[in-house]
Amino acid sequence: MPADNRPKQSLLEQQAARDEALEVDVLIAGAGPCGLMLANELGLRNVACLVVDPKPGTAFNPQANATQARTMEHFRRIGISQAVRALGLPPDHPTDIAYFTRFATHELARLRLPTAEQATQNIKHLAGSWSAAELPHRVSQKYVEAVLREHAEERTGRRIEFGWQLKSFEDHADGVRAQVAPSSSQGRGVTVHARFLVGADGARSAVRSALGIHLGGATGLQRQFMGGKMFAIYLRAPSFYQRFPHDIAWMYVSVNHERRVFMASVDGRGEFAFHAAVHPHETPENWTHEDARRIVAEASGMADLDLEILSTGIWIAGHSLVAERYQQGRVFIAGDAAHLFTPTGGLGYNTAVGDAVNLGWKLAAVVKEQAHASLLDSYELERRPIGLRNTAYAREFADSVGLLEATPELEAEGAVGDQHRALAGTALNAHVRREFNIPGVTFGERYDTSPLVFSDSAGVPPDQANEYIPTTMPGGRLPHRWLDGERSLYDLLGFEWTVLTPGHLNDAAQALAEAGTATGLNVKVLALSSDEAGALLDDGMLVVRPDQVIAWRGASAPAPGDLWAQVAAAVIRPDSPPP
């Protein structure tokens, strides 16, 4: 086994014992996927950060269950995609989504999807909407958080400070003064001086509340499914697979008039994340483990299924909320602190990772004095529209499945039942592709109104959930290509900025990169042959940001200093070449 290079001691405990304040560049409140991803982004750039979270550790419950392809591409960029893909389901386990009246009775619809093992090979032969470096991976958030934590601690050189809570903060012109303290004791607190504070502290964000930032949008939406209270059960039932009469899936959805449910396989061996719709007249706050067993029996049709209840909880479906602001002074909010989703489409956790990626490189550039502080204003300008877009898509998916009425006739025998099941199957087969085959949502995020990109809205493809049209129009993700059938274009990009160029424009690309380097930016030139580039570079060079978003394209850059000043808010130094 490789050596564990993570720090063993708590820096905050040491500071508390010495009664000394701590100085960092960035203080992150919250160690979920967003906070941990941000710590990785900053640690890889040698930015001093500290992460605090009142929980005892990473998630015990499965929580989010799907890592979208774009998130996997970001994990690939920071070197953890293989570690993540190795977790969760066994490599040969199907990742189908399937719908049943009850798990042991009629199958209504199914979307067949590749196993983790197949995904790593299939992706190299896909084109069009699914031209990508990675395919989605069905893995529970509990596993992803553990990987993110391990690498964040290695890269920051500091332990993630679980069991420590942000108590208060003051935003000043020269930085943020915060008080953190142990969350489960009366131990001594520590004063933290940070240049910036990021609240990645979840749906009930204390940072957002302290800033007086409100959430806007829709909430309290009622549907037969995915609208209202949901009862979550984390359970272990290894015998399920022997009792289950259909092909194995990753997600199992029960559609009947008695109880609507979805259940995701956590480990492919017997652990499941089970979520049941609660009827308006029910009070799940009073439910016991025996009630949990009753609910599982209702959905599965397996009355005597041997199972162990690991945990239960209640959550609310029907949110479509986005914060009115993502920034106030030196304080930012991200992830669930900035947006709340109904989990259809799996967009909440994946949008949170995107927030961290966007904010990470910008904070690092400002901390290192490579960019003006105005660069940070673009975080809200770019990510808040994505929050609005993605919560709208999630609501659309929730309506698609939740407003489908499940009647008693679905389980009737004979011709009447067959007819109702056929109609439901048609609707659900259409829905499952609408919700789970979403390359447009995954890859189609764009920042066309951002001041950092040279975009032309007239040339932007339509935003569609189920179709992604690759384009080099600045403002969107760089279209991916496999070179020689094996090498990912993304693996050849610089970790920071890249000038991607056809061979005949290499001299111009070198001059453009040198202008960026002179401002203090890290810029790589990547020249592709015509065979490697295909049509990718038909419009000339591409300036690709650290988040793999195209900022500019063209055959010449007559004012390179001005270009870098716009796309990177670069600080033009006295010894930089003239604009």
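Here, every reference points to the structure presented above.
Residues numbered from 1 in each chain as written. Predicted model: local features only at pLDDT ≥ 70, side-chain atom pairs only at ≥ 80, totals over all residues. Heavy atoms only, no water.

(A) Representation of the pattern of salt bridges in the model. Scanning the entire structure with this criterion turns up 39 salt bridges. One salt bridge in this structure joins Asp-247 and Arg-112, with 2.9 Å as the shortest N-O distance. You can see Asp-247 sitting in the loop between helix H8 (240-243) and strand E11 (251-254) and its partner Arg-112 sitting in the loop between strand E4 (107-111) and helix H5 (116-122), a full 135 residues away along the chain. Residue class for Arg-112 comes out exposed when judged on its relative accessible area of 53%. We note a salt bridge from Glu-486 to Lys-124, for which the minimum N-O separation is 2.9 Å. Linking Glu-486 in the loop between strand E19 (482-483) and strand E20 (487-488) with Lys-124 in the loop between H5 and helix H6 (141-156), this pair joins segments that are 362 residues apart in sequence. (Salt bridge = Lys/Arg side-chain N within 4 Å of Asp/Glu carboxyl O. Helix = DSSP H or I, 4+ residues; strand = E, 2+ residues; numbered from the N terminus. Buried < 20%, exposed > 50% of the residue type's maximum accessible area, 1.4 Å probe, protein only.)

(B) Focus on the sheet that holds strand E21 (residues 497-502). With respect to topology, four strands assemble into an open sheet ordered E22-E21-E23-E24, the strand pairing being mixed. The open sheet terminates on both sides in strands that have one partner only, identified here as strand E22 (523-528) and strand E24 (550-554). Going across the sheet, the axis of each strand differs from the next one's by a mean of 15°, ignoring polarity. Note that E21 and E22 share six bridges and pair parallel. Paired with Val-499 across the strands is Val-525, a residue of E22. (Pairing = 2+ DSSP bridges. Axes fitted to C-alpha atoms, helices over the stretch in contact; angles between N-to-C directions.)

(C) Structural detail: the side chain of Thr-442. Tracing the sequence through the fold places Thr-442 in helix H13 (residues 439-443). Since its relative accessible area comes to 8%, Thr-442 is described here as buried. In terms of polar contacts, Thr-442 uses its side chain to reach the backbone carbonyl oxygen of Ile-438, at 3.0 Å. (Polar contact = N/O pair within 3.5 Å; in protein donor to acceptor, adjacent residues only side chain to side chain.)

(D) Highlighting unusual backbone geometry. Non-glycine residue Met-226 carries a positive phi angle of around 60°. On the secondary structure map, Met-226 appears in the loop between strand E9 (215-218) and strand E10 (228-236). In this structure, Gln-548 is a non-glycine residue whose phi angle is positive, near 70°. By relative accessible area, which is 4% here, Gln-548 ends up buried.

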